[in-house]
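Residue-level structure breakdown
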Amino acid sequence: MPANPYTKSMLVWTDELSVSVVEIDDQHKELFARINRLFGALDASAAEVELRTLFSFLEEYVVKHFGNEERYMQDYAMYGYADAEHHQSEHRAFIRDLREFKIDLEGTDPGALFIEEFKRWMHNWWMMHIEHVDKGLGRFLQSAFPLLGRKQPL
Ligand SMILES: [Fe+2]
């Protein structure tokens, strides 16, 4: 079977992406799984109804996940997390762009190049956001609450 040319843009979670907060890491893993399911459906030229379902399935979890991170920022604001405004603006921009892609990808046959562009955007966004923004939140939470990094409850 020939290699899928887009396989490399599938999102793979590794320990290097850990933000040192188990709950957030677990949510990133779930997000990657939902993103990869959508990528698979796009590659397979799935029916519009299936793409719509998978986009909603992803969007719903993205909103929940961003809400979760933002709750941490608000709840522990008194401990001095300096990046909250910028962090939340990245979240808002992602949701806006995801919705725009959704409109373009669900409707008419988007074509391989456009699908590739979407996948590259998605891949780059998560790699950059986790590395440069979420890890900062993780370091802040970890310094205030070291137990958030524990894999097992006490
Ligand atoms: Fe984030």
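You'll find the structure just up there.
Analysis parameters
Residues numbered from 1 in each chain as written. Predicted model: local features only at pLDDT ≥ 70, side-chain atom pairs only at ≥ 80, totals over all residues. Helix = DSSP H or I, 4+ residues; strand = E, 2+ residues; numbered from the N terminus. Buried ≥ 20, exposed ≤ 12 C-beta atoms within 10 Å, placed from the backbone. Contact = placed C-beta atoms within 7 Å. Core = buried A, V, L, I, M, F, W, Y, C linked by C-beta atoms within 7 Å. Axes fitted to C-alpha atoms, helices over the stretch in contact; angles between N-to-C directions. Parallel < 35°, antiparallel > 145°, perpendicular 65-115°, else oblique. Nonpolar A, V, L, I, M, F, W, Y, C, P; charged D, E, K, R; others polar. Left-handed = near helix turned anticlockwise from the far one by under 90°.

Bringing the overall build of the protein chain into the picture now. Within the protein chain, the regular secondary structure consists of four helices and zero strands. Helices and strands in the protein chain line up, N terminus first, as α-α-α-α. Judged by the C-alpha coordinates and their principal axes, the protein chain covers about 50 × 30 × 25 Å. Considering the protein chain as a whole, with its 154 residues, one finds that 16% of them fall into the buried category. Pairs at least 24 residues apart make up 73% of the contacts formed inside the protein chain by residues separated by at least 6 positions.

Here the focus is the nonpolar core. Judged by nonpolar contacts, Ile35, Leu38, Phe39, Leu42, Leu54, Phe55, Leu58, Leu105, Phe118 and Met122 together constitute the single largest core of ten residues. The element best represented in this core is helix α1 (residues 22–43), accounting for four residues. Ignoring any residue separated from it by four or fewer positions in sequence, one finds Phe55 in contact with Leu38, Lys102 and Glu106. Ranked by size, the runner-up nonpolar core spans eight residues in total, among them Ile24, Leu137, Phe140 and Leu141.

Non-glycine residue Ser20 carries a positive phi angle of around 70°. Counting through the fold element by element, Ser20 comes out in the segment before α1. The partly exposed category is assigned to Ser20, around which 17 C-beta atoms lie within 10 Å. With a phi angle near 50°, Ser45 is a residue other than glycine that sits in the positive phi range. Among the secondary structure elements, Ser45 is positioned in the loop between α1 and α2 (48–75). Under the C-beta neighbour-count criterion, Ser45 is labelled exposed, with 11 such atoms within 10 Å.

Attention now moves to the packing of α1 against helix α4 (residues 112–144). Closest axis-to-axis distance for the α1/α4 pair is 11 Å, and the angle between their directions is 175°. When the interaxial angle is binned, α1 and α4 end up roughly antiparallel. Contact residues: α1 offers Ile24, His28, Ile35, Phe39 and Leu42, while α4 offers Ile115, Lys119, Met122, Ile130, Asp134 and Gly138. Of the residues contributing to the contact of α1 with α4, the split by class is seven nonpolar, two polar and two charged.

Secondary-structure assignment places Phe145 in the segment after α4. Remark: the alpha-carbon pair of Phe145 and Val21, spanning 124 residues in sequence, is separated by 9.6 Å.

Glancing now at the packing of helix α3 (residues 84–106) against α4. Helix-helix packing is characterised by the crossing angle of the two axes and by the distance between the axes. Contact pair α3 / α4: the axes reach a minimum separation of 12 Å and the direction vectors enclose 165°. As judged from the angle between their axes, α3 and α4 are roughly antiparallel. You can see that α3 and α4 cross each other, and the crossing is left-handed. Residues His87, Glu90, Phe94, Phe101 and Leu105 of α3 form the contact with α4, whose own contacting residues are Phe118, Trp125, His129, Val133 and Leu137. Looking at the contact of α3 with α4 residue by residue, the classes come out as seven nonpolar, two polar and one charged.

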